[in-house]
Each structure stands twice: as structure tokens, then as C-alpha cells.
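So you can see what is in the structure, the chains are spelled out below.
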Amino acid sequence: LRGARAASELDTEPRRVDLDLLHRWLSEDAYRALGRSRDAVERSIQGSRVAAAFDGPHMIGFARAVTDNATIAWLCDVYVARSARGRGVGTWMVDAFVRASGIPRLVLATRDPHGLYRRFGFRELVEPSRWMERRGPGPRTAGLPQGR
Ligand SMILES: CC(C)(COP(=O)(O)OP(=O)(O)OC[C@H]1O[C@@H](n2cnc3c(N)ncnc32)[C@H](O)[C@@H]1OP(=O)(O)O)[C@@H](O)C(=O)NCCC(=O)NCCS
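Model, not experiment: these values are computed from the prediction.

Novice: Sorry if this is basic, but what is going on with the packing of helix 1 (residues 19-29) against helix 2 (residues 38-46) here?
Specialist: For any two helices packed against each other, one specifies the inter-axial angle together with the distance between the axes. Packing of helix 1 against helix 2 brings their axes to within 10 Å, and their N-to-C directions diverge by 110 degrees. When the interaxial angle is binned, helix 1 and helix 2 end up roughly perpendicular. Classified by chirality, the crossing of helix 2 by helix 1 is right-handed. In this structure, helix 1 uses Leu19, Asp20, Leu22, His23 and Leu26 to contact helix 2, whose residues at the interface are Arg38, Val41, Glu42 and Ile45. Of the residues assigned to the contact of helix 1 with helix 2, the class counts are 5 nonpolar, 1 polar and 3 charged.

Below, the structure is given as C-alpha cells:
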């Protein structure tokens, strides 16, 4: 993957993620996450499987997937440090999720780099009219209702 591996390492341990740096990347430079709080970034990591790329001690890329570990995974917050772009780090992280997930359905939403995902078999939605989304936080309750 164009040398991405040569000097780098991929880590799936959430505790290894440089939270301050990731918060800066996402809240200041990722169109979908502009203004996201550090607390939200931290909680999102706790609720996801992560892959972070490192050059020695320096984190140079991050991606996460929200998943039930069985039926579906949502790939999101794919980000590569500006200084490390164009040498395959993004491809490497996506490849790791595609290989390791063992999950029959992966979904994602993206604005520009469709080509990156297309090479792993991602395609535009066949039936977009079946998809719905709800924006806004909704009322805050203690949690989902518990079964008996
Ligand atoms: C998109 C991003 C993750 C790609 O990381 P990267 O390490 O530079 O990607 P790679 O070096 O593995 O390149 C993968 C391919 O994607 C293409 N690509 C990268 N960024 C692109 C963009 N913004 N628009 C279109 N294509 C893009 C590259 O041209 C490359 O194709 P090639 O191999 O045919 O040249 C990185 O540019 C980034 O962090 N961007 C800002 C955040 C963002 O937009 N994230 C996507 C959210 S889904």
C-alpha cells in the first residue's frame, strides 16, 4: 500500500488513541464533525472499534466503526493527518476494517473520496429511498427501555 506500512503501525487499542489530536482533527478539519466536543469524541471511541495509524509515537491516521459485531458496521471519522496524506494510510485503515470485521454489511457516508471506498467494493445505495435519518438529539432519557 504505497509504503504506508513501511514506517507505520496500525493499532486497534482505543486507549492508544491520542484524544487531544483526534479532537483537533475532527472538530477543526473534518466537515462532518466540525465543533464536536472532546467529550463526544471520547465517548464515540468508547462505543466503537477503532484503527489508528502511528509513525513511531505520532498518530497519523484514525478510523472507527460503530458495530454490533454481527450484522452491520458503520465506518466513520476516517481521517489522515495532512502531512501524511497521499501515501496509502487511508487505504490501509479501510482495508483493515474490511478484512477484520467479518460482518456482512458495511455502510458509510462520504462527500469526496468515493474512489477510496469503491476499490473495497463499496457502491452507492441501490435503493436510497429505503434509507431514513433523523437529525437532532431528541429528548434526553436515562437510556433505552430495558426488557423484562
Ligand atoms: C480522505 C482521506 C482519509 C484519504 O487518506 P489518504 O491516506 O490520503 O488516502 P490514500 O493515500 O490511501 O489515497 C486513497 C485514494 O483516495 C483518493 N482521495 C483521497 N482524498 C480524496 C478526496 N478528498 N477526494 C477524492 N479522492 C480522494 C486518493 O487520490 C487515492 O486514490 P489513488 O490511489 O487512485 O491516488 C484523507 O484525505 C483525509 O483525512 N481527508 C479529510 C477528512 C475526510 O474527508 N475524511 C473522509 C470522511 S468519509
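Novice: Is there a simple way to think about the site of the ligand in this case?
Specialist: Residues in contact with the ligand amount to 18 residues; listed here are only the nearest, Val80, Gly86, Gly88, Gly90 and Thr91. Interatomic distance of 2.9 Å between a backbone N/O atom of Val78 and a nitrogen atom of the ligand. One nitrogen or oxygen atom from the main chain of Val89 is found 3.5 Å from an oxygen atom belonging to the ligand. The protein chains hide 68% of the 890 Å² of surface that the ligand would expose on its own. Elements supplying a minimum of two residues to the shell around the ligand: strand 4 (73-80), helix 3 (89-100) and helix 4 (114-118). Residues belonging to the shell around the ligand are distributed by class as follows: 8 nonpolar, 5 polar and 5 charged.

Novice: Hey, could you run me through helix 2 in this one?
Specialist: Helical geometry: 3.6 residues make up each α-helical turn, so side chains three or four residues apart lie on a common side. For helix 2, every residue scored as buried is listed here: Val41, Ser44 and Ile45. Projected down its long axis, helix 2 carries its buried residues within an arc of 100 degrees, all on one side. Elements that come into contact with the buried residues of helix 2 comprise helix 1, strand 2 (49-55) and strand 3 (58-67).

Novice: Got a minute to help me understand the nonpolar core in this structure?
Specialist: Nonpolar side chains tend toward joint burial in soluble globular proteins. One finds Val17, Leu22, Trp25, Ile45, Met59, Phe62 and Leu75 to be the most contacted residues of the largest nonpolar core, which totals 35 residues. Of all the secondary-structure elements, those providing two or more residues to this core are helix 1, helix 2, strand 2, strand 3, strand 4, helix 3 and helix 4. When residues no more than four places from it in sequence are discounted, the contact partners of Phe62 are Val17, Leu22, Trp25, Ile45, Val50, Ala51, Ala52, Asp77, Val78, Tyr79 and Met93.

Novice: Help me out: how do you make sense of empty space enclosed by the protein in this one?
Specialist: A water-sized probe rolled over the atoms picks out the places where empty space is left. For the structure shown, the criterion picks out 1 cavity of 30 Å³ or more. Reported here for the largest cavity is a volume of approximately 30 Å³. What lines the largest cavity is Arg49, Ala65, Thr67, Ala73, Phe97, Ser101, Ile103 and Leu106. A class-by-class count of the residues in the lining of the largest cavity yields 5 nonpolar, 2 polar and 1 charged.

Novice: Just checking my understanding: could you explain the packing of aromatic side chains for this structure?
Specialist: Ring pairs (aromatic) are described by centroid distance and by the angle formed between their planes. Overall, the coordinates contain 2 aromatic pairs when judged by the stated rule. Between Trp25 and Tyr79, the aromatic rings sit 4.9 Å apart at their centres with planes inclined by 25 degrees, giving stacked as the arrangement. Of this pair, Trp25 sits in helix 1 while Tyr79 sits in strand 4, and the two are 54 residues apart along the sequence. Tyr79 shares its class with Trp25; the two are buried. Aromatic pair Tyr117 and Phe122: ring centres 5.9 Å apart, planes at 80 degrees, arrangement edge-to-face. Both residues of the pair, Tyr117 and Phe122, belong to the buried class. Against the face of Phe54 rests Arg16, its NZ or CZ located 3.7 Å from the ring centre. The lysine or arginine in question, Arg85, covers the ring of Tyr79, its NZ or CZ lying 5.1 Å from the ring centre.

Reading the values: rules and limits
Numbering of residues starts from 1 in every chain and runs along the sequence as written. Residue-level local features of this predicted model are given only where pLDDT is at least 70; pairs of side-chain atoms are given and counted only at 80 or more, and the full residue set underlies all totals for whole chains, interfaces and linings. In computing side-chain properties, one takes all heavy atoms of the structure into account and sets aside hydrogens as well as water. Helix axes are fitted only over the stretch in contact, all axes being lines through C-alpha atoms; the angle between N-to-C directions runs from 0 to 180 degrees. Note on conventions: DSSP H or I runs of at least 4 residues are helices, E runs of at least 2 residues are strands, and numbering of each starts at the N terminus. For classification, angles of less than 35 degrees are called roughly parallel, those exceeding 145 degrees roughly antiparallel, those between 65 and 115 degrees roughly perpendicular, and all remaining angles oblique. Handedness of a crossing is defined here by the sense of rotation of the near helix relative to the far one, left-handed for an anticlockwise turn of less than a right angle and right-handed for a clockwise turn. We call two residues in contact when some of their heavy atoms are within 4.5 Å. Charged residues are taken to be Asp, Glu, Lys and Arg, nonpolar residues to be Ala, Val, Leu, Ile, Met, Phe, Trp, Tyr, Cys and Pro, and polar residues to be all remaining types, Gly included. One heavy atom within 4 Å of a molecule or strand is enough for the residue carrying it to be called near that molecule or strand. Whenever a nitrogen or oxygen atom comes within 3.5 Å of another N or O atom, the pair is scored as a polar contact, on the condition that within protein one atom can donate a hydrogen and the other can accept it, and that pairs from neighbouring residues in sequence are kept only if both atoms are in side chains. Every accessible area reported is derived by Shrake-Rupley at a probe size of 1.4 Å, with residue values counting cover from the shown protein chains alone. Three exposure classes are used, based on accessible area relative to the maximum for each residue type with a 1.4 Å probe and protein chains only: buried under 20%, partly exposed in between, and exposed over 50%. It is the directions from the helix axis to the C-beta atoms whose arc is reported. Note on terminology: a nonpolar core comprises buried Ala, Val, Leu, Ile, Met, Phe, Trp, Tyr and Cys residues joined through side-chain atoms within 4.5 Å. Detection works on a 1 Å grid of protein atoms alone, calling trapped sets that fit a 1.4 Å probe cavities and calling open sets with protein on both sides within 12 Å along at least five of seven lines pockets, with lining residues defined by an atom within 4 Å of a point. Grid points are joined across faces, edges and corners, and a volume is the space filled by probe spheres set on the points. Classification of ring pairs rests on two measures: the distance between centres of Phe, Tyr or Trp rings, Trp counted by its six-membered ring, which must be within 6.5 Å, and the angle between planes, read as stacked under 30 degrees, edge-to-face over 60 and tilted in between. Geometrically, a lysine NZ or arginine CZ counts as sitting over a ring once it is within 6 Å of the ring centre and also within 35 degrees of the ring normal.

Interpretation in functional terms is not warranted from these geometric data alone.
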